[in-house]
Structures are given as structure tokens and as C-alpha cells.
Amino acid sequence: VSSQSGAFRFLPWIRSGFAAAIGETPSGGSDGRPSATVTLNVRHEEVAEPHADTLEGVAATMRLYGPGDVVQVNPAQVIATDPEPFANEFEPNYLASVTLDAADLPWLFSPEPSPAGEAARLKPWLCLVVVRREAAEVVEVVEDGRRPLPTLKLADASGELPDLGESWAWAHAQITGPGSVGSALSGPPERTLARLICPRRLQPVTAYVACIVPVFLAGRQAGLGKEVTARHELAWESPATGCVELPIHHRWEFSTATTGDFEVLARRLEPRPLGPDVGRRPLDISRPGPGLPATSPGAPESVLGLEGALRSPAMVPSAGPSDDFKQKLGELLEEPPGEAATVVTPPSYGAVHAGVTSIADANAPAWLSELNLDPRHRVAAGFGVRVIQEQQEQLMASAWDQAGEIARANQLLQEGQLARAVAGSVREKRLLHLPPETVLRVTEPAHARVPASSDAQRVATGPQSLLGLVRESVFPEAAVSAPFRRTLRPLGSVGRQLGEAPVAELVTELADGTAQMPIAQVVAGGVHFNPARLDEVEGDLPEAKGWKKVADFEELLDGGLLTVSDEGELGIAPPRALTTTFLLPIDGPDLPDPNLPDDHEEDENDLPRLRRLLGINQRFRKAAEELGAYLGDSASVLALRAAPDQLDIEDVASQLVDPGGQLDPEDTVPAAVLPLVQVPDGARPSGADKLAPIAAAPSFPQPMYEPLRALSQEALLPGIENVPPDTVGLLEGNPRFIESYMVGLNDELRREFLWRGLPAPPRATSFRHFWDIRGRDPDAAEPTDIPSIAEWKPDRGLGGNATRVGGRDMLVLLVRGELVRRYPRATIYAVEAATPETLGAKELHPEFRGALEPDLLFVGFGLSVATARGTNDHPGWFFVIQPQATEPRFGFDEPDEAKPNAYGGQAPALWRNLTWGHFVETKAAFDALSFVTVESNRLRGTLREGATWGMNGAHMAQIALKVPVRVAIHASRLLPPVQAVPTRITAVTRARRRVAAVGGIDDFGEGWRLTADEAIAAIRAEARSFYVEQPTGDRVDVVVARRRGREYLKTTADGDAPNNLLALPELKT
Amino acid sequence: LSVGGFHPRARVPPAFPALRRVAFALSTGDNPRLRAEAYLAVTPNTVQLGARLDFYVEVIGLNLSGLLSFDALVQFAPFQFDLEIAASLALKSGTQTLMGIDVRFRLTGPAPWHVRGHATLQILFFKITVPVEAHFGEPRAVQPLEPVEVWPSLRDALKDGGNWGAELPGERSTLATLRAVEPPAGEILVHPLGEVAVRQQIVPLEREISRFANAPPKDYRRFRIEAVFVGTEKQPHDSTYEQFALGQFTEGRTEDEQLRSPSFDRMPAGVRVHAEAVDGQPQRPVKNGPERTVVLEYETIVVEPPGDPPAKPLEETYKPSESRLLQLGETGAAGMAELRRVGRAKFAGDGGVAVSIVEPEFVIRSRVGLAPPIGVPDTDGSFSSAEEALSSFLAENPDERDNVQIVRKEEALA
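Residues numbered from 1 in each chain as written. Chains lettered and ligands numbered in written order. Predicted model: local features only at pLDDT ≥ 70, side-chain atom pairs only at ≥ 80, totals over all residues. Heavy atoms only, no water.

Examining the overall build of chain B
Logical step 1: Regarding its fold elements, chain B presents six helices and 25 strands.
Logical step 2: Computed over C-alpha atoms, the radius of gyration of chain B comes to 35 Å, more than 25% over the 22 Å expected from 2.2 N^0.38 for 414 residues, which places it beyond the range of a compact globule.
Logical step 3: Summarising its shape, the C-alpha atoms of chain B cover approximately 125 × 70 × 55 Å along the three principal directions.
Logical step 4: Looking at chain B alone, contacts between residues at least 24 apart form 52% of all its contacts between residues at least 6 apart. (Helix = DSSP H or I, 4+ residues; strand = E, 2+ residues; numbered from the N terminus. Rg over C-alpha atoms; globule rule 2.2 N^0.38 Å. Contact = heavy atoms within 4.5 Å.)

Things to note about the overall build of chain A
Logical step 1: Counting its regular elements, chain A contains 31 helices and 44 strands.
Logical step 2: Across the 1069 residues in chain A, those meeting the buried criterion constitute 54%.
Logical step 3: Of the contacts made within chain A by residues no fewer than 6 positions apart, 71% connect residues no fewer than 24 positions apart.
Logical step 4: Carbon and sulfur atoms form 51% of the exposed surface of chain A, whose accessible area is close to 45,000 Å². (Buried < 20%, exposed > 50% of the residue type's maximum accessible area, 1.4 Å probe, protein only. Areas by Shrake-Rupley, 256 points an atom, 1.4 Å probe, with all protein chains shown as cover.)

Structural notes on the state of the cysteines
All names here are of chain A.
Logical step 1: Inspection of the entire model under this criterion finds zero disulfides over all chains.
Logical step 2: Cysteine 198 carries a free sulfur, and the closest cysteine sulfur to it, the one in cysteine 127, is 7.9 Å from it.
Logical step 3: Take cysteine 198: its relative accessible area is 1%, and that puts it in the buried class.
Logical step 4: For cysteine 211, which is in no disulfide, the shortest distance to another cysteine sulfur is to cysteine 198 and amounts to 9.9 Å. (Disulfide = S-S within 2.5 Å.)

Remarks on the interface of chain B and chain A
Logical step 1: Taken together, the contact between chain B and chain A spans 120 residues of the former and 162 residues of the latter.
Logical step 2: Taking both sides of the interface into account, the surface hidden between chain B and chain A amounts to around 13,000 Å²; carbon and sulfur atoms contribute 58%.
Logical step 3: It is Arg292(B), Phe347(B) and Val355(B) in chain B that bury the most area against chain A; as a group they hold 7% of the surface buried on that side.
Logical step 4: Summed over the shared surface of chain B and chain A, the number is ten salt bridges.
Logical step 5: Of the charged contacts in the structure, one is a salt bridge between Glu297(B) and Arg912(A), with a shortest N-O distance of 2.5 Å.
Logical step 6: One can count 67 residue pairs in polar contact (both at pLDDT 80 or more) joining chain B with chain A.
Logical step 7: When its residues are assigned to classes, the side of chain B that touches chain A shows 62 nonpolar, 24 polar and 34 charged. (Buried area = accessible area lost by both parts, 1.4 Å probe. Salt bridge = Lys/Arg side-chain N within 4 Å of Asp/Glu carboxyl O. Polar contact = N/O pair within 3.5 Å; in protein donor to acceptor, adjacent residues only side chain to side chain. Nonpolar A, V, L, I, M, F, W, Y, C, P; charged D, E, K, R; others polar.)

A word on the packing of helix α8 (residues 375-390) of chain A against helix α24 (residues 735-756) of chain A
All names here are of chain A.
Logical step 1: Between α8 and α24, whose axes approach to 7 Å, the crossing angle comes to 40°. Judged on the interaxial angle alone, α24 and α8 are oblique. The element α8 and its partner α24 pack so that their crossing is right-handed. Residues His377, Ala380, Ala381, Phe383, Gly384, Val385, Val387, Ile388 and Gln389 of α8 pack against Arg736, Phe737, Ser740, Tyr741, Gly744, Leu745, Glu748 and Leu749 of α24.
Logical step 2: When the residues that make up the contact of α8 with α24 are grouped by side-chain class, the tally is ten nonpolar, five polar and two charged. (Axes fitted to C-alpha atoms, helices over the stretch in contact; angles between N-to-C directions. Parallel < 35°, antiparallel > 145°, perpendicular 65-115°, else oblique. Left-handed = near helix turned anticlockwise from the far one by under 90°.)

Topic: the side chain of Asp772(A)
Logical step 1: Inspection of the secondary structure puts Asp772(A) in the loop between α24 and β28 (811-816).
Logical step 2: Asp772(A) gets classed as buried once you look at its relative accessible area, which sits at 2%.
Logical step 3: For Asp772(A), the contacting residues outside a window of four places in its chain are Pro703(A), Tyr705(A), Glu706(A), Glu847(A), Phe848(A), Arg849(A) and Met336(B).

Focus on the environment of Ala692(A)
Logical step 1: Turning to its location among the elements, Ala692(A) is positioned in the loop between β26 (677-678) and α22 (705-711).
Logical step 2: As for Ala692(A) and Gln414(A), which are separated by 278 residues in sequence, their C-alpha atoms are 7.5 Å apart.

Describing the pattern of salt bridges
Logical step 1: Enumeration according to the criterion identifies 62 salt bridges over all chains in this entry.
Logical step 2: Close ionic contact of Arg63(A) with Glu187(B) constitutes a salt bridge, the shortest N to O distance being 2.7 Å. Of the two residues, Arg63(A) sits in strand β5 (residues 53-64) while Glu187(B) sits in strand β12 (residues 187-190), which places them in two different chains.
Logical step 3: On the basis of relative accessible area, Arg63(A) is assigned to the buried category, the value being 4%.
Logical step 4: In this structure, Asp69(A) engages Arg179(B) in a salt bridge whose closest nitrogen and oxygen atoms are separated by 3.8 Å. Taken together, the positions of Asp69(A) in the loop between β5 and β6 (70-73) and Arg179(B) in the loop between β11 (176-178) and β12 put the pair across two chains.
Logical step 5: Residue class for Arg179(B) comes out partly exposed when judged on its relative accessible area of 29%.
Logical step 6: A single salt-bridge network, built from bridges that share partners, covers Glu45(A), Glu208(B), Arg221(B), Arg222(B) and Glu388(B).

Here's the deal with the packing of aromatic side chains
Residue and element names in this part refer to chain A.
Logical step 1: Counting across every chain of the model gives 32 aromatic pairs over all chains.
Logical step 2: Between phenylalanine 892 and tryptophan 916, the ring centres sit 5.2 Å apart and the planes meet at 90°, which makes this aromatic pair edge-to-face. You can see phenylalanine 892 sitting in the loop between β34 (890-891) and α27 (923-928) and its partner tryptophan 916 sitting in the loop between β34 and α27, a full 24 residues away along the chain. With respect to class, phenylalanine 892 is no different from tryptophan 916; both count as buried. (Phe/Tyr/Trp six-rings, centres within 6.5 Å; stacked < 30°, edge-to-face > 60°.)

Structural notes on the confidence of the model for chain B
Residue and element names in this part refer to chain B.
Logical step 1: Chain-level pLDDT for chain B is 83 on average; 91% of the residues reach the 70-or-more range.
Logical step 2: Mean pLDDT across the elements of chain B bottoms out in helix α3 (residues 255-260) (70) and peaks in strand β21 (residues 292-295) (93).
Logical step 3: This complex was scored by the predictor with a pTM of 0.75 and an ipTM of 0.75. (pLDDT = per-residue confidence, 0-100.)

Observations concerning the environment of Phe264(B)
All names here are of chain B.
Logical step 1: Checked against the element boundaries, phenylalanine 264 lands in strand β17 (residues 264-273).
Logical step 2: Judged by relative accessible area, which is 49%, phenylalanine 264 ranks as partly exposed.
Logical step 3: Separated by 20 residues in the primary sequence, phenylalanine 264 and phenylalanine 244 place their C-alpha atoms 5.4 Å from one another.

Regarding the sheet that holds strand β11 (residues 136-139) of chain A
Residues and elements named next belong to chain A.
Logical step 1: Pairing is antiparallel in the open sheet, where three strands are placed in the order β11-β12-β16. With partners counted over all chains shown, the strands left at the sheet margins are β11 and β16 (244-247), one partner each. Going across the sheet, the axis of each strand differs from the next one's by a mean of 20°, ignoring polarity.
Logical step 2: Relative to strand β12 (residues 151-154), β11 runs antiparallel, the two sharing four bridges. Residue glutamate 137 lies in a different strand from β12, and its bridge partner there is lysine 153. (Pairing = 2+ DSSP bridges.)

So, the nonpolar core
Logical step 1: Core analysis: the biggest nonpolar cluster contains 83 residues, and Tyr741(A), Phe770(A), Trp771(A) and Phe858(A) have the highest contact counts within it.
Logical step 2: If you look at the next biggest cluster of nonpolar residues, it comprises 64 residues, including Tyr65(A), Leu100(A), Ala173(A) and Val181(A). (Core = buried A, V, L, I, M, F, W, Y, C linked by side-chain atoms within 4.5 Å.)

Re the sheet that holds strand β37 (residues 965-970) of chain A
Logical step 1: A sheet is described by the order of its strands in space; here five strands give the open sequence β30(A)-β29(A)-β33(A)-β37(A)-β22(B), paired in mixed fashion. At either end of the open sheet lies a strand with only one pairing partner, and these are β30 (838-844) of chain A together with β22 (299-302) of chain B. Between one strand axis and the next, the sheet turns by 35° as a mean value, whatever way the strands run.
Logical step 2: Strand direction decides the pairing type here: strand β29 (residues 827-835) of chain A and β30(A), joined by four bridges, are antiparallel.

Let's talk about the side chain of Arg15(A)
Logical step 1: By the secondary structure assignment, Arg15(A) is in strand β2 (residues 14-16).
Logical step 2: At 7.0 Å, Glu112(A) is the nearest oppositely charged side chain to Arg15(A), a buried residue that forms no salt bridge.
Logical step 3: Side-chain polar atoms of Arg15(A) contact the backbone oxygen of Glu112(A), separated by 2.9 Å.
Logical step 4: A polar atom in the side chain of Arg15(A) sits 2.9 Å from the side chain of Ser114(A).
Logical step 5: Those residues in contact with Arg15(A) that lie beyond four places of it in its chain are Ala20(A), Asp104(A), Trp107(A), Ser110(A), Glu112(A), Pro113(A), Ser114(A), Leu122(A), Pro285(B), Val286(B) and Lys287(B). (Lys, Arg positive; Asp, Glu negative; His and termini not counted.)

Brief notes about unusual backbone geometry
Logical step 1: Note that the residue after Ser238(A), namely Pro239(A), is joined by a cis bond; omega there is -5°.
Logical step 2: Positionally, Pro239(A) belongs in the loop between α3 (217-223) and β16.
Logical step 3: Backbone torsion omega between Glu853(A) and Pro854(A) reads -10°, so that peptide bond is classified as cis.
Logical step 4: Unlike most non-glycine residues, Leu124(B) shows phi in positive territory, near 50°.
Logical step 5: Examined against the element boundaries, Leu124(B) turns out to sit in the loop between β8 (113-123) and β9 (126-136).

Quick notes on helix α1 (residues 151-159) of chain B
Logical step 1: Taken together, the buried positions of α1(B) are occupied by Trp151(B), Leu154(B), Ala157(B) and Leu158(B). Taken down its axis, α1(B) places every buried residue within 130° of arc, on the same side.
Logical step 2: Where the residues of α1(B) are buried, they touch β4 (34-46) and β5 of chain A together with β10 (164-167), β13 (195-199) and β14 (220-230) of chain B. (Arc of directions from axis to C-beta.)

Regarding helix α5 (residues 323-333) of chain A
The α-helix advances 3.6 residues per turn, and as a result positions three or four apart in sequence lie on the same side.
Residue and element names in this part refer to chain A.
Logical step 1: The complete set of buried residues in α5 reads Phe325, Leu329, Gly330 and Leu333. Along the axis of α5, the buried residues cluster in a sector spanning 135°; they form a single face. Exposed and oriented more than 90 degrees from the buried face of α5 are Asp323 and Gln327.
Logical step 2: Against the buried residues of α5 lie α7 (366-373) and α8.

What follows is the structure in C-alpha cells.
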């Protein structure tokens, strides 16, 4: 927790978007709308001159929407009003104000330019006016397309409307939290807002109408459905006189009192215990429907107590339905054997999440049958189903939003699966059984894109592609080229003559260097292909690399040497057959014609040609070697390179096409597809198939008590009408109800996903939160939550899995009264007491909070009632009620007539001590004061605490800010007396004829066990009361007795010895 | 525009719904049956029309069926037409043809004209087919098309109000309802909150153009928006993108190149005006007046037990810390606003990352070493920009033609 004090930032205006991009002086168009020219500087390169480019501007004139273009402000933008609508005790020394959600809304459509400098006054396009109810007539909207807004009619406007020329002073934006204005605007929405204040001085005990109306005449004309002719004129001249008609964007009514501040309202609250009728209402099961046992209406067994999510601690749960009823219901839920496809059964809520098909399944968790066989819990789950059904469109829209492009992603993945299957089968049938030489040839297009992975083959100069490897090796790249492949393809003319074996042999020889083709690899630096001679030499031999080099035998450019063989023999001649080598200098144009083999006219695709070329190759190599030897060390032009590596064709081929090889579609297809599908962490399927379709589990962090409350407040808190006004009471959360409802929600949502084809995991728990946990301590332990339903402990009963939902480990405070109605967002928290009269420093904020209509507020604390009330050792806790921190109120103190200079006088040192009397010189003037003026005020220019009267809206907000009051009440005053929880003891542990421990089964069906000392402490703390029903069957209370200085447990019916307790069976551990 | 669909050989826009032919039944009942179908379609470059007439009569086990149809497609630029006529008449006993004649001809042209067709005559088990095929006229020499000017089209597109828009940030699009108003002629009406952006589909920006409207460009071959001014102030901007067909703007791509490249690619199409980027993220422009910081203070009143005199506020005010204020703000008016509980916001997710599809990214790598070649210009990851970078690299290093390639980014990492 930062030690820095929290602060507001008030701003006189904010603009964002294009309105902010416009400079300080937008040139107003003829119609009054601000306009700006956007110029694009386009650079273009000419076709003719590659590097000649020119710059040309393209201008477009933008016109911004002005106040005359607005039909209506979204009513939801009004997020708070001061006072609340229909408040009847507003303090008259305060100023009415309205809070808007968007921090830049008040200046959004203002036609005025953004101001510069310290004053920075910018008139908003909306303002708040407060008029006396008796002076105003509100005309509601009639069905008339031209008049969208209700209108405020003032027969005589004098004294009712503020001066619009000063409207800039009464609007401001408020930001809490750190960071720039821009980052705040795009940050959490609760940190920014805008506010309009009405500077009217209110009279006590008077009814008022407050309205948001346009500031500019264009807005007024548009709102009234008239033709917009105005430019920047204000909506009314000041002072306003005569009949004025204004469109209303938002309005509310209130009246003032003489007193009635926050403290008075807080003091009215009284602690009252809530009765057993709060938290339960009757549920008639006398006619339960087909197949279930009916009972006579009115009979005790025909009525169950339907509970809510909250209940009074005094409420005792009713007995459940009869065993017969449960058995019949269980049979009804089962699908009759053999008819599964045709019979629709009632839903088994949560069975899918629990991972079973039937609640009768041996693996079914305990909570499942408890939920599904008890009508009380089925009703709670049914509430969840109804919520989903009613909100299905919004839920599904959000679910699809959360899933993103999941449908396209899964299509892509499935296409990937198809590609993988097809490629896999091609590989299986065609590639795997090919000889390695052929593999090398047919995979040539991939060579440049496959890394040469074997370290043995890898040259030390970093990563290399297979193509690089081939090039480095003695193996001619041409031997895997498309033309070579085409020439030697098994059914081609050459291939047919040769058969596969010689081709394979040839390739193998090429790979291990016994047959060498590429001259370029023999002679470094000197051999180039001469395109001019290609036709001559090669005819239309394909232009792949190796062939070019073969054709290159005639020439060494670089002004180098020409080597020509005089041997015209065809066939693969052994190197020693080469006898003569000519070395001729190249000098000038009259090069001697190379001694070409004379049969180069014949079809070059045939075998002799191939053989001949190989022969030429060999001869050239030999010639080059001889040349090198002849030149000796002085030969720099023609240097022989070290013999290149051999190529291990089998190894390369197996690395390519073997399973797990580099061309294995099991790897290559996922490598191509998966990077295109961006999946949040955890949603990627964990199975073996990387291309398996994705299932996304949408999650909804919203508090789900809200839609239940919207369904029925009675469902949330039955017997709500039995809570008296101005009451502070204690409640308990009902984990069994909450769990049933949450199971119903998640189960129905699962069915909805299935129906709408959203790929979601069926056991996902999309709703985890029941209560609204906003505002909880950020460092608090675990949030209020239900765990993922699939992970609920199978041995726990219903209600045993939810944590921090307000069960007996928590303190749920219910506040009802005028305070809540006037301050619905008031904050309640606990502060540890230093002494019973003074506050300590430690604060504890509620773990959840919620509201009920019309004036109820409940908050859940992680405190026990006994701790809060305090003991002899600990002073306990205070509960503090304070107005909402981000909703400051504005106004000035009443002048204290007892003081000498109640009117007139110097401005006080602190603005918080400013009174209405400081605005006027005399009491007569004070009585006549109806508006706080800015420019003509006698305080104009007064500087206190950094704020100057009349500077701008931010300064005025700081000056008019009232210091709020928080009220602390000790828990022992605020909490009703503790009601002990009645607990039945069914077993004891004995030690030397004394009771050492007691135990039993609690409401959740769980066994409990307390040592005797713990049980005595619980009775003393009034947390529990114990009773037994054995051996007589009557209920007998357990009390604490004392004998010989030692406390022990006994029943009221016992004598000194605890006979009734000792008669109980032994407690199993 | 189409009534009853398109010519069977016409290329139909992909999203166009399949239309059924306009059909007229000219008789009632099944026997005799006379039925006509027709269609007419007009596209910017073609007129397509056709009709088909079927009839069928059945008398004492013998049936006579006939068909007459024609399909015509006329293309204006370059002028070309395709006419197909078919007629047949058959006398059958059940499904066994006793006598029949079937004539089909297709004429395409001009330059060259091409007639192809056949006539078949069948009597009982004898069948004679006469095929006809003829070419006449010289193939038209491929006329080099007149170069066209690109800039005027682009300039007009950049001025067109329809290509401009003020994009509203999603959650703020509903601040106020606006009247439907027509902007003054030649001006563009934008929302003051919007981020002004222009995007056009005439020609991709920042790419070399060697073809435009099926002709070589006459004036310029490359366009880039360098700067954006609002009024006289220069504003930061980033690019907006559109999908362009690669083949439409590049000349001379080999079939192999066309096969290897995606048919559409994301290319710059305009600009968006925004504020200075923070951490590489473009920001919305924001302006505001000077702020006043006011520390939040509470006076504290401790309520005394009943009967005691009303308490005075404590001397020291309570000042919640900044983090406490932010925590308290979560339950304030703006945090609890109804706005966050309607529409899509009602069940908005917790902001987790959704599944998304990204465009493949392409890079230039050496064919030998798989490393980026030295001196290759940066790209934005799209195929077209990789292609452009490659061609500018090859212009500088013509010898490298066989040593560089465009590969997917993931392959380069392997």
C-alpha cells in the first residue's frame, strides 16, 4: 500500500481524438462547425527516371460535428447525480452536480477552439441548470420525429438560469490515479469522469428540477427539432428573461431540507436482529408432477423452505423432501434402459461437470445427488438456467468475442490435418521406398529451405541449407536440377534407354566424386559462363547451373587462359586417356574457335550427349590439373582447389524422408500452420496431435448475484420486506444455495455452447463469481469464489466447496435506511479499534458488497462477529461509513451569523472555510443571492492554496470542494446481539468418565468435532449453543457447569454428572 | 446486375449468391410439357444472356423430347464473344432412342474465329457423328497497351470522402446520438472523437507498380505518404492496410512466381492520424487544460453511545493513500455505472487473449546459408514487401539471383 495520499486531478477541459489533433485555432466553417484541412504529402517516383521523385500535397477538408448535430446524449452517460433523484433532504448550502462517465464528454461537441495558456477556459456544450419545480414545466416527448427530447418550459426565466458566459467555470474532468491524461483515458474506466455543477444557490425546503441542457443555440435548436441556423451563439442571453424553452438531455427532481447531512443519516441506523423469516420462503411440493408422490396441500410435508443466497442467522433450514420423493425423483432423472434416444428427462444439473453420466453413478460426488434430488436446490439451479436463457444473446456474443477467431482457427487446423494426412500418405507410398539417389533428386525444390542438420556434414561456417551442403560437396548441383530430373525421369527418352540402375549409379558416382562434372568446383575463380556462346555450345540445353558450367569449358574470362582439348572421343573416358591440353592466352576479338565435338547438332537429350558432356568434364578437369602443374606456384589465375567433400547420399536422403526427418509432414505441417494460430496460454490442446482443434473456455468475471437480483430480489434474500427501515442487521451467506445456482448457470451455459456450436470444453466452469468483489483489499487472501466444478471435492456435500461467500466464517452486514438511498455507493469498512473509543490504523475492507432495491446494502467481511464486537482483551473493530471517495460534493458553508463579519470580509486562508457570506457585502445582498457569479464576484482573482477564483473550471472545482465526513461506529453498538448457532451433539469422546470432546454432523452433512475446552469457549462467546436429543428423543440443552474449579459440559437435565452426554455413542475420529 | 444468373463460362464474383434461372412453364401438367428458362446479366465489361427451351410429349409408350438453347457472352474490352447453340430432338421408347438428332456449335472470336461443334444423327442402332472444327482469321497481335496515368486516380481516391473515416474507439461510439446530416460539398464530416484515417483501394502504396488497370503506368511507379499535416501542424501517422491482388499491379510474373505467392497480400493503403506513439503503440490524440491536484481528505466523527453529546470531528483529517483511493474508486459511480452492464460489456471477458489468426510473415534468406543476406532492405513481413525488397536487392547484386529466396519467417528460424 503506497503511503502517498490519494488525490484527484481536476482538469478544466479534455479533448481527445481528432478534436485534439486540431490546432488551437480551427477555422470555423460557414455553418459554425469547426473545420481543419488534412494534407497528405505524397512522394512518387517517376516511371521514366527511377530515382527522380517528387512530393505533392493532397488536401481534404474535415468538418467536425458540432452541438447542432447532436440529437441526444446517451442517458447511460449520467452515472451519478448529487443529490440522488427524489432525495428530499438535500442540504441547501450544497451545489447540485451531475457526473458523466466520459471525461471528455462536456467539451466533445463544443465549437470553440481549444484554448492555450494558464486560464484555459473552454465552454462546454452541455450545462446543468436547476430550476424551481413551480416555475418549470416539463413537456414530455410526443411521438414526433423532429422533437426527440423532452423540453423544459420556463414561463418566466428570470432568476432561474445561470450565466452561460461563465459555463466554463462549472465543468471539469476528474482523474484519480497516476499517469498521463491520455493513459488515464484509455485505462480503467472508473478512474476518469466529468462533472457539471450548477452554481445556483438553493433555498431550504423547496422542490427543484435539475436538467442537462445545451449551452449553444445550435444545440438548443437541434434539440427542439428546429432548423439549425445558429453558429456560436449561446442558448440564452444573460440574464435570461421571459419565456425560455430548452431541450433536456437528462433530468431529475429533488427537494431541499434545512438539515440532513451524512452524519445525521448515519446516526439514525439502529442495530436490529433479523428474524427467522428472513432468508426462507415456502415452496409447495404437494403437486410435484408426473411420477412423484403427491401430498395433500397444506400438510407439513408438502411445504419446503426455499432459501435464498442470504439468510438471517436465526433462520432454521426446513427438513428436505421424503426419501420416497427423492427415490422417485432419482428414477425420473434416469434414462429408461433402451429408450435413451427418445426420452427427455429432467436435467441432472452438474453431472457433466462432475464427469459422470448419471447421478446414480458410483463415482458421482456427494453434492451431485444432494443438489439434484432436493427440490429446494433444484429451484436454485433453475434460477441459474433462467438467467442463462434470458441473457443468452449477450452471453454468446461475449463468448464469441472471447473465443476470437476460433472457428477460422479450427478450420485452419483441420485443413492442416488434411494436408498432413495427404502428405503423409504420399510420403509413405512414393518417397519412402525410393533409392536415396532418387530421393535426393525429387526433393530438390526443398533443398534450399532445409537446414543440413547433421553435424558431420555441416561445415564449420555456421548453419547451412542442404543446398549449401550440395554446393560445397563434390556433387554437382545440376544433378538434382529440374532439367536433369526431367532428362533422366524413368519414362523419359533417356531414362527409358538407361533404366533406373545406371542413373542411380551415375548419381552415386557423382556424389562420391569418382565421376565429376562441375568444372566450376575444380577451378576456383576463373570459370564463367559466357551467355553469348551458349547457343553455339549447348543448343537449347537447359540453363541449370551445372550444365552451364559444363558448357563453360571453352573459356576462362578475366583475361585468363583458354583450355581446349583436342580429344573428340565420346564416352566416359578415363582421365589418363586425355593426352593433350592447350593453354592459349585470350587476346582480343579473334579468339580461335573452340574445338567443339562435331556432333553437337544431335538431340541433346540423348545418352551419348550426356556421356560426352561427362567426358568433356573429365577432360577439362584433367587439363586443369595439368595446367596447374605446368604453371607451378606462380599460377594465381588458375588455382586448383582442394578436393571437395563427398556427399553421403543415403544419410541425406534418410534425414529428409525418414519418419521424423526434415520433410516429415508430422513436423512440417504443424510448423507451417501453428504459428498462424495465436492461442492464449493453456488453451492449446495438450494431446499428442499438435493440430487438434482448439476449445476455448470463455470466462465471465461478472458477479452473478446481479442477474439473480434482476430476476427476483426475493430469490436473493427471501423475506426482504421484513427488514425494518434504518436497520443494521447481520446476515449469513448460504453456500448451498450459491453452489446450486452456480452449477445451474454453468450447466445451462455448457448446453448453450453445445447448441450454438462454440467449441468449449464441456467441464469448464465459466462462472466463478457470485458476489461483487470490486473494492476488496488488493492484498486480501483469496477472492470470493467457487472452485472449478470439475475439481470439487467428491466427498463434500453441497455447500462445502464455495469459499468466502459469506458462510459462518464471515460477517455479512446488512444496512437499510435513508443513508443508503441518498448515498447508494457509500463505502463501509472496518477499522480496528485502538481503544473502545478511538480508531486504530488497520483497515479491513469488505470482501464483497451488493445492493438491493430500494435502500439496502450488504457487505461481507472476513471477521467473526465476536472479534468485531471485541472482548476484554481486544477493543474490537469500528465500522466506518463514508461517502464514496470518487464522488466529491461541492458547496460552501452557511455563513455563521454569530460571527462579526459573516458577510463580506476577507477570503479565508483555506478555501474549505469559504462561506456563502463571502460572496456578498450585506445580509440583504445574501438573501437576494441566487447564483454564484465568477467574473463579477468580489473574490475574483483571490489566490489561496494554489487555486485562483475565476481562473478556470479546475480551480473552481478545488475551491467549491466540500470536505466530506466519515462516521465511525463501534461494532458493539452497530451489531445486533450474537445469536448462537444451535448445534446437536450426537457423539462424544470419553476420558476417565469425563467428556473430552464432542461431535456431530453439521448442516452440510460434514462431521464436526470440538474438544471440550473449544466447545466451552464457543458457548461463552455465544457463537454456538449445543443440545442433545438422546437418549429420550427430547431436545435438551448443553450448558457449562463448574465443579471444584473446573468447567465442564453437561445437559440441563443432568445432575452433577453429565449422564446424558456420556450416554452418547463414541465419537469416531 | 443479373436476372437468372450468369453465363456458364463466366467468372462469377465469389460472394455472389447462386441464382436460379428465370423459368416459364408454358403448359400445365406433365404431358405435354413445354418449359423455357432464361437469364440476362450485365457486368462492367460483359453482357451475358441465354435461353433454353425444353419440350416433352408422350403418346402410347413413345415419347418425343426436344431441346433448343443458346448462351451468349459478349466482352467489350478487349472485344470478344462466345456463342453456343444447341438443339436436339429425340424419339424414344422408354429410355431407348429410336431416332434422334443432336446439333451443337460454339463460335468464339474474333481474331481468330473459332468454330467447333458436331452434329449427330441416330436412327435405331446407327449413329453418325459429324464433327466440325475450323479456325479462320489471324490471331490478333498482342497490342502493347497504352500506358495509363495512376496519380490522378490515386489523388481523387485520397480526396474522396468515402475513403475517409473517423474511427471511434469501440466503447465510446455511443456517447451521443447524432443527426444524419449531409456534409457540405467537397468536405468530409467527422466525429470529433474519431481518429481520422484514409484508405483507398486504387493502388497499393509503398510498392513498386509495373501494371495498373491492365496497362503499364505512365506517370509514377511508386507512391508513399510521407507526412500528414492537420492545418499547419505535422501529425504522427501510421499506415492503414488493405488486401490488394498481387498480380494486378505487377507485370511479368512467371507462372511459377504466381503459384508461389499468395494471390492477395496486405499492403499499405493510406494513413491514420494519431498522437506520438508510446512504447511503439500509437496513441489517441489528447489535449487538456492545466490540472489541479487536490488531496482527498475526510473529517472523522466517532459516534458516541446514545445519551452522550454529539461528537466533534477529530482534529486530524483522514487521508486515504493513493492505492486505497483507487480501490475505493472501483465501487464508485464510474466503476458501478450501468454502462458497464449493458450490451457486450455486460458479460465482457476478463481481457484474456482470444484465439486469433495472424498473417504469415515472410523474410528473405540465403538459399545456401539460411541467414539473412547482407544489404537486404527491411520489410513489413508481407509477401509483397519481401518481394520488393528482394528485387531491389537483386538489382544491386545481380549475381545473387540463385542464392536468395523468400521463405516463411518460421522456416528461417529453423
